[in-house]
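One letter stands for each residue in the lines below.
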Amino acid sequence: MHCQKTQPPWEFLLSASRTSLQSYELSRLSHAANLRKEIGALLDQWLEENACAMLARWLMEQRERPSQVLEPVSTGEPPVKSGHAVSDNFFADRAVSAPANRGQS
């Protein structure tokens, strides 16, 4: 891919007919559309390459981690409960209030 800075051909543009200017406009728009397609393809390739590199990095980091402690083998007995369940945290930050009296006063 080459980077080319183009200057409009001023002498031609200033003396060109409407038809010639329309033709020039269409050729520039076509070139711009082609560049956009190339940029899109390059961007897709760049994203794919970065994803592959990130996968390789993640695999290296996983291999460097010490082995995780495995859970003990099941003995057939139910697990010991700590008396605390996840659902206990659901409204833990809200104060418990008495139910509102909805009857007539």
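Residues numbered from 1 in each chain as written. Predicted model: local features only at pLDDT ≥ 70, side-chain atom pairs only at ≥ 80, totals over all residues. Heavy atoms only, no water.

Colleague: Could you clarify how one ought to interpret the overall build of the protein chain in this entry?
Modeller: A count of helical and extended segments in the protein chain gives 2 helices and 0 strands. Carbon and sulfur atoms form 58% of the exposed surface of the protein chain, whose accessible area is close to 11,000 Å². (Helix = DSSP H or I, 4+ residues; strand = E, 2+ residues; numbered from the N terminus. Areas by Shrake-Rupley, 256 points an atom, 1.4 Å probe, with all protein chains shown as cover.)

Colleague: What's the story with a nonpolar patch on the surface in this structure? I'm lost.
Modeller: Taken together, the side chains of Leu43, Trp46 and Leu47 define a hydrophobic patch exposed on the protein surface, amounting to about 330 Å² of accessible area. Mapped onto the elements, Leu47 comes out in helix α2 (residues 18-64). Classification of Leu47 by relative accessible area gives partly exposed; the value is 47%. (Patch = residues over 30% accessible without salt bridge, like charges linked within 9 Å, V, L, I, M, F, W, Y side chains within 5 Å. Salt bridge = Lys/Arg side-chain N within 4 Å of Asp/Glu carboxyl O. Buried < 20%, exposed > 50% of the residue type's maximum accessible area, 1.4 Å probe, protein only.)

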